[in-house]
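Secondary and tertiary structure notes
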Amino acid sequence: MVADKMIEPVIGVIGGSGLYEIDGLENREWRRCESPWGSPSDELLFGTLDGVKCVFLPRHGRGHPIPPSRLNYRANIDALKRAGVTDIISLSAVGSLKEELAPGHFVLVDQFIDLTQGRPRTFFEEGCVAHVSMGEPVSARMASTLADEAEKLGITVARGGSYVVIEGPQFSTRAESELYRSWGASVIGMTNMPEARLAREAEMNYATVAMVTDYDCWHEEHEHVTVEAVVRTMKSNSKHARELVRRAIPALGRTRPLCTGPGAAERALDNAIITPPEARDFSVLARLDAVAGRVLFSS
Ligand SMILES: CSC[C@H]1O[C@H](OP(=O)(O)O)[C@H](O)[C@@H]1O
Ligand SMILES: Nc1ncnc2[nH]cnc12
């Protein structure tokens with residue numbers, strides 16, 4: 001920890017399948033937010049919880065019209081950054097790849113295995129190249145607070161685990177599912193990459209609450225995953241998810257020093273941009289104003 005600067009956190013919540021609202025928000029207002037990267041999935045819901053500013057975005061849009069491969073992850077992350085968000089809680093329905101992670105359990109994942117294909121995955125394209133560290137993609141501070149709050153609510157929680165991100169939209173074959181199990185991965189889903197990469201580039205802390213809805217298709221005693229099964233389990237998970245968000249926002253929203261612990265993102269761009277100022281393309285820099293303004297435009 002470096003105590004040179006205090007942060008007033010603004011908590012962003014990205015709601016996944018089955019989570020299109022959050023509870024208990026005061027001063028609620030849905031607002032349309034534009035981004036130079038295109039349109040986010042939906043309007044953003046602004047509000048406060050116990051005085052902490054927060055912003056909610058339904059990942060797939062209200063009514064779930066947008067599939068994982070067509071989400072504009074860059075616009076979503078850029079819009080949250082423009083809204084002042086410092087810390088993102090990502091809520092996701094996932095399949096379990098381990099016997100002990102049963103439907104209804106929450107996993108505070110700490111790693112991702114990215115098998116997505118062809119999704120735009122960086123804000124730093126030709127004209128301004130950057131390479132940020134992804135060794136610890138999740139904020140350990142946020143994950144630990146989320147796990148503590150979930151345990152207080154009586155939710156069964158696993159601290160740590162790898163989330164395999166597939167392209168979808170189809171679920172996996174059994175051979176694929178067995179392969180991911182042989183890698184030791186914990187859960188499987190379709191959305192957390194490139195979301196976590198882009199959050200890191202935009203210097204926002206990121207933590208995922210992976211809510212187990214099914215055993216994918218490897219477990220001999222459980223049905224293979226279907227949307228119906230995911231939605232059914234999410235209906236019971238969502239009460240826990242909403243309670244967790246209700247408690248975690250005030251806990252994460254306390255004024256705190258700038259964090260430099262494992263998975264902290266707030267200074268991810270220090271020493272990450274390799275293109276020197278004189279070689280940068282000005283037309284590209286304009287749309288980096290929100291995600292990289294701190295390093296590009298401040299003296
Ligand atoms: C509705 S089942 C598959 C769908 O659910 C998960 O989405 P999210 O992470 O937004 O909860 C999964 O990744 C798929 O997109
Ligand atoms: N088994 C599974 N595979 C991919 N995404 C999921 N979301 C929920 N369950 C899933």
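Note that the coordinates shown come from a computational prediction; the quantities given were computed from them, not determined experimentally. (Residues numbered from 1 in each chain as written. Chains lettered and ligands numbered in written order. Predicted model: local features only at pLDDT ≥ 70, side-chain atom pairs only at ≥ 80, totals over all residues. Heavy atoms only, no water.)

**A closer look at the side chain of glutamate 201**
With respect to the helices and strands, glutamate 201 occurs in helix α4 (residues 192–201). Buried within the structure, glutamate 201 lacks any salt-bridge partner; arginine 74 is the closest side chain of opposite charge, at an N-O distance of 7.6 Å. (Helix = DSSP H or I, 4+ residues; strand = E, 2+ residues; numbered from the N terminus. Buried < 20%, exposed > 50% of the residue type's maximum accessible area, 1.4 Å probe, protein only. Lys, Arg positive; Asp, Glu negative; His and termini not counted. Salt bridge = Lys/Arg side-chain N within 4 Å of Asp/Glu carboxyl O.)

**Concerning the UniProt feature "domain: Nucleoside phosphorylase" (unreviewed entry) in the protein**
Those places that UniProt annotates as "domain: Nucleoside phosphorylase" (unreviewed entry) correspond, in this numbering, to residues 11–249. Counted over residues 11–249, helix gives 27% and strand 26%. Its end C-alpha atoms are 7 Å apart. (UniProt positions renumbered as here; feature names shortened; annotations may be inferred.)

**Considerations on the packing of helix α1 (residues 73–82) against α4**
With their axes 9 Å apart at the nearest point, α1 and α4 run at an angle of 40° to one another. When the axis of α1 is compared with that of α4, the two are oblique. When you trace α1 past α4, the crossing you get is right-handed. Between α1 and α4, the residues in contact are Tyr73, Arg74 and Ile77 and Met193, Pro194, Glu195, Leu198 and Ala199, respectively. Grouping the amino acids of the contact of α1 with α4 by side-chain chemistry returns six nonpolar, no polar and two charged. (Axes fitted to C-alpha atoms, helices over the stretch in contact; angles between N-to-C directions. Parallel < 35°, antiparallel > 145°, perpendicular 65-115°, else oblique. Left-handed = near helix turned anticlockwise from the far one by under 90°. Contact = heavy atoms within 4.5 Å. Nonpolar A, V, L, I, M, F, W, Y, C, P; charged D, E, K, R; others polar.)

**So, the environment of serine 96**
Locating serine 96 in the fold gives a position in strand β6 (residues 87–96). Of the residues examined, serine 96 reaches a relative accessible area of 0% and is grouped as buried. On a C-alpha basis, the gap between serine 96 and cysteine 259 in space is 31 Å, while along the polypeptide they are 163 residues apart. Discounting residues that sit within four places of it in the chain, serine 96 has contacts with Leu101, Ser186, Val212, Asp214, Tyr215, Asp216 and Trp218. Only 2.7 Å separates the side chain of serine 96 from the backbone oxygen of lysine 98, close enough to count as a polar contact. (Polar contact = N/O pair within 3.5 Å; in protein donor to acceptor, adjacent residues only side chain to side chain.)

**Structural notes on the environment of glycine 16**
You can see glycine 16 is positioned in the loop between β2 (11–15) and β3 (26–31). For the pair formed by glycine 16 and alanine 93, sequence separation is 77 residues and the distance between their alpha carbons is 6.6 Å.

**Observations regarding the site of ligand 1**
Neighbouring residues of ligand 1: Gly16, Ser17, Arg59, His60, Pro68, Ser92, Ala93, Phe171, Gly189, Met190, Thr191 and Val230. Within the side chain of serine 92, an N or O atom sits 2.8 Å from an oxygen atom of ligand 1. Take threonine 191: an N or O atom from its side chain is 2.6 Å from an oxygen atom of ligand 1. Protein burial of ligand 1: of its 390 Å² of free accessible surface, 91% is covered by the chains. Taken together, the residues of the shell around ligand 1 break down into five nonpolar, six polar and one charged. (Near = heavy atom within 4 Å. Areas by Shrake-Rupley, 256 points an atom, 1.4 Å probe, with all protein chains shown as cover.)

**What to know about the pattern of salt bridges**
Tallying each qualifying case throughout the model produces 28 salt bridges. Two residues, arginine 181 and glutamate 178, come together in a salt bridge whose shortest N-O distance is 3.3 Å. Taken as a pair, arginine 181 and glutamate 178 lie in helix α3 (residues 174–182) at a separation of three residues, close to a single helical turn. Its relative accessible area of 29% is what places arginine 181 among the partly exposed residues. Under the relative-accessibility criterion, glutamate 178 is labelled partly exposed at 34%. Here arginine 232 makes a salt bridge to glutamate 228, at a shortest N to O gap of 2.8 Å. Within this pair, arginine 232 and its partner glutamate 228 are both found in helix α5 (residues 227–252), separated by four residues, close to a single helical turn. Taken together, the shared-partner salt bridges in this structure form one network comprising Asp87, Arg141, Arg256 and Glu266.

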